[in-house]
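# Structural overview for review
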Amino acid sequence: QHSYSISIIDSLMTVDRITVNTIDATGQTILGSTNGCYTRKGDQWMPIPGTEGAYIKHLVFDNGGVLWAATTSGIYLIKNYSVIKKYDESSGLLNHFVYGILFDNDGNAWYSSNKGLGCIRKDGSFKFFTAADGLQGDEFDTQSFWKSNDGKLHFGGTNGITSFYPQDV
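Source: prediction; values computed, not measured.

Attention shifts here to the environment of Gly 118. Tracing the chain through its elements places Gly 118 in strand β11 (residues 116-120). Considering only alpha carbons, one finds Gly 118 and Ile 101, 17 residues apart in sequence, at a separation of 9.5 Å. The contacts of Gly 118, once residues within four sequence positions are left out, are Ala 109, Trp 110, Tyr 111, Lys 127 and Phe 128.

Spatially, three strands are ordered β13-β14-β15 in an open sheet, and the strand pairing comes out antiparallel. This sheet does not close on itself; its edge strands, each paired only once, are β13 (140-147) and β15 (160-164). Looking at each pair of strands side by side, their axes are set apart by 20° on average, direction ignored.

Note on placement: Gly 160 falls in strand β15. For the pair Gly 160 and Gln 136, spaced 24 residues apart in sequence, the C-alpha to C-alpha distance is 5.6 Å. Ignoring any residue separated from it by four or fewer positions in sequence, one finds Gly 160 in contact with Gln 136 and Phe 155.

Within the element layout of this structure, Asp 62 appears in the loop between β5 (56-61) and β6 (67-71). The buried charged residue Asp 62 lacks any salt bridge partner; its closest oppositely charged side chain belongs to Lys 79, at an N-O distance of 6.7 Å. Only 2.9 Å separates the side chain of Asp 62 from the backbone nitrogen of Val 66, close enough to count as a polar contact. Reaching out from Asp 62, the side chain makes a polar contact with the side chain of Trp 68 at a distance of 3.0 Å.

The buried fraction of strand β9 (residues 98-103) is high, at six of six residues. Looking at chain direction, β9 and strand β10 (residues 109-113) are connected through five bridges and run antiparallel. The partner of Leu 102 across the bridge, within β10, is Trp 110. The hairpin formed by β9 and β10 contains five residues between the paired strands, and Gly 107 there has a positive phi angle of roughly 90°.

Right, let's talk about the packing of aromatic side chains for a bit. One pass over the full model with this rule turns up nine aromatic pairs. Aromatic side chains Trp 110 and Phe 129 sit 5.9 Å apart centroid to centroid with 20° between the ring planes, which places their arrangement in the stacked category. Here Trp 110, found in strand β10, pairs with Phe 129, found in strand β12 (residues 126-129); they are 19 residues apart in sequence, far enough to count as distant. One aromatic cluster in this structure is built from Trp 68, Tyr 87, Phe 103, Phe 126 and Phe 128.

So, how was this worked out
- Residues numbered from 1 in each chain as written.
- Predicted model: local features only at pLDDT ≥ 70, side-chain atom pairs only at ≥ 80, totals over all residues.
- Heavy atoms only, no water.
- Helix = DSSP H or I, 4+ residues; strand = E, 2+ residues; numbered from the N terminus.
- Contact = heavy atoms within 4.5 Å.
- Pairing = 2+ DSSP bridges.
- Axes fitted to C-alpha atoms, helices over the stretch in contact; angles between N-to-C directions.
- Buried < 20%, exposed > 50% of the residue type's maximum accessible area, 1.4 Å probe, protein only.
- Lys, Arg positive; Asp, Glu negative; His and termini not counted.
- Salt bridge = Lys/Arg side-chain N within 4 Å of Asp/Glu carboxyl O.
- Polar contact = N/O pair within 3.5 Å; in protein donor to acceptor, adjacent residues only side chain to side chain.
- Phe/Tyr/Trp six-rings, centres within 6.5 Å; stacked < 30°, edge-to-face > 60°.

Structure (structure tokens):
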């Protein structure tokens, strides 16, 4: 019989829970939580300014090194540990509750939400798809998305999986 023990080596007492993590190009860990994004400075976890209060669902870097944070209040773009842009319904998102973001081979950002799929094109324009366009439904789900080696995007939702080649839509 084995015995195990748990030792706390670090603590983030200001959040309910850590939801996602990633590592940037310099090797720095970035944590997403129920209360924003955090990065380590010295011996402390510090909030990334502008993300306080945001429930982080997914973190992903684009080809230019900008961190995209999918949240329940929109999409935050983070560079040098600071928010440089925020997308929400008022700036063109289909819905502010964003589950995940995938980049197609051309660098366009596809995101799943509670009201369908959206695409933020590299030129800044938006494209939207709902169940009326043939999706499995309008509502998608947490941590239910992936990109195949052949570039096909897959988003899981409450009624199944929507899969497509972005260049064909």
